[in-house]
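Descriptive analysis of the structure
Below are the chains, spelled out letter by letter.
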Amino acid sequence: MRRTILVIGLGLIGGSLAKSLRSAEENYIIGYDIKEKTIEFAEMNEIIHESCSDIREAAKKADYIFLGTHITETVNILKELEQVKFNHDVIISDVSSVKQTIHDAASSINNKHIQFVGGHPMAGSHKKGITAAKGHLFENAIYVLSPSANCPDSAADKLENILSVTNSHIIKLKANEHDEMTGVVSHFPHLIASALVQQAQKWSLTHSYIPKLAAGGFRDVTRIASSNPELWQDIFYHNKQKMIHMIEDWVSEMNDLKKMLKENHRAELTNYLQQAKDYRDGLGVNEKGAFPAYYDLYVDIRDQTGAIASVANILAQENINITNIRILEIREGITGALRLSVSTKSEQLDSFNILKQNGYDLVLEE
Ligand SMILES: NC(=O)C1=CN([C@@H]2O[C@H](COP(=O)(O)OP(=O)(O)OC[C@H]3O[C@@H](n4cnc5c(N)ncnc54)[C@H](O)[C@@H]3O)[C@@H](O)[C@H]2O)C=CC1
Ligand SMILES: O=C(O)C(=O)Cc1ccc(O)cc1
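This structure is a prediction, so every number in the text was calculated from the model and none was measured. (Residues numbered from 1 in each chain as written. Chains lettered and ligands numbered in written order. Predicted model: local features only at pLDDT ≥ 70, side-chain atom pairs only at ≥ 80, totals over all residues.)

1. Re the overall build of the protein chain
Under the convention used in this document: Per the convention used, a helix needs a DSSP run of H or I reaching at least four residues, while a strand needs a run of E reaching at least two, with both numbered from the N terminus. Our exposure labels follow a C-beta count within 10 Å of each residue's own C-beta, placed from the backbone: buried means 20 or more other C-beta atoms, exposed means 12 or fewer, and partly exposed covers the counts in between. By the convention adopted here, residues are in contact when the distance between their C-beta atoms, placed from the backbone, does not exceed 7 Å.
Looking only at helices and strands, the protein chain has 14 helices and 12 strands in total. Projected onto its principal axes, the C-alpha coordinates of the protein chain cover approximately 65 × 55 × 40 Å. The burial tally for the protein chain puts 32% of its 366 residues in the buried class. Taking contacts inside the protein chain between residues at least 6 apart in sequence as the whole, the part at least 24 apart equals 72%.

Here it is, written out as structure tokens:
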């Protein structure tokens, strides 16, 4: 049965969703974006079947509408869709990183044809716009659904059904609990990453070697500081109360650490670090967690042409799919470490054995 799906906002997430939904034959995708260039790109690359210039008219044709815009814009578009004179029921969803604002806006909608189910795919990147969109972006990621109070269960079920093409793992959460948890593991870390970079930049004014010394650890923990500033400002603003609470929590945590150092509580500090390590090491083990399960291997390679391709080829011949690949602190002419991730324990062991047989020096992360 053909389904008409309107995607409004064809950026990184809306574009990725449109691509993924388009891969199911029964889906007919109409796309809208305020940027003309984005629509042209979407049409040229067959991300959508057709574009539209009037979202109210396009909405009338749709069975499902996805809002792929930033949160403030999503609230405005919801108000506009409320005015549409639908002659059938329509399921509307969004992809916003904060759910309570959207939930409040959806709850005040007075249009009997609209069934709203909030959504948030827990996958993305530091990039923005349709050129960064990928059809497989949500594969293996958690996809949160947050149905509004007056929405029938059947709407969430239907949405879950059409989202199955994304190969994500759907979980249902209430808006407030979603915002609290993503506040802790997604929003607040972005704030801290930017603060760490700001601190390094200030110190670098008087310590010129800082950029050269900023190696693996600093790069790992600050990767997300390269994300889209307009988007993250909007996310922090809409989750403001929880962010303020977490900043207060953090200040108190830093004060505890300061005290441990000042008073030479070395055993207490070791214990603090050990507890953090144990919790961090345990993340990713559970397949249903927000961190998809991964199993890592560290391979020593030379910095020379084709080094990565050789490793990838050996694993490809064994039908082993590399889910992530990263070069760690590679320096010219010196042996470098390649971190490979695979998705099962047995693939990790097989990769270890086959690469060892091929003469590679490597370690396996337990
Ligand atoms: N960036 C990420 O990693 C993730 C973002 N999200 C959420 O996804 C949503 C979109 O974020 P991104 O895709 O990263 O942003 P983006 O900046 O890549 O895309 C936003 C798109 O919306 C378009 N747009 C702006 N105003 C519009 C309007 N009035 N009507 C139609 N189109 C309009 C823009 O032209 C752009 O193409 C946000 O609500 C964000 O919280 C969710 C998961 C991950
Ligand atoms: O790039 C990363 O690590 C992210 O943090 C991706 C991300 C960004 C925003 C979300 O709401 C969900 C996931």
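2. A closer look at the site of ligand 1
Test applied: Note on definitions: a residue is near a molecule or strand provided its C-beta atom, placed from the backbone, lies within 6 Å of it. Three residue categories are used. Nonpolar comprises Ala, Val, Leu, Ile, Met, Phe, Trp, Tyr, Cys and Pro, charged comprises Asp, Glu, Lys and Arg, and polar comprises the others, including Gly. Domains are outlined according to an automatic or database domain assignment.
Near ligand 1 lie 29 residues; those nearest to it are Gly9, Gly11, Ile13, Ser97 and Gly124. Of all the elements in the fold, those that place two or more residues in the shell around ligand 1 are α1 (12-22), α4 (71-82), β6 (114-121) and α10 (229-238). When residues of the shell around ligand 1 are assigned to their parent elements, the largest contribution, three residues, is made by α1. Of the residues that constitute the shell around ligand 1, the class distribution is 11 nonpolar, 14 polar and four charged. Two domains each provide a minimum of three residues to the shell around ligand 1, namely domain 1 (3-173) and domain 2 (178-262).

3. Describing the pairing of strand β8 (residues 169-172)
This is how the line gets drawn: Two strands qualify as a pair provided that DSSP identifies no fewer than 2 bridges between them. By convention, orient the strands away from the viewer: a clockwise path from the first strand over the helix to the second makes the crossover right-handed.
For strand β7 (residues 142-147) and β8, the ladder comprises four bridges, and the chain directions are parallel. The residue of β8 that forms the bridge with Ile142 is His169. In this view, the connection linking β7 to its parallel neighbour β8 by way of helix α6 (residues 153-163) has right-handed handedness.

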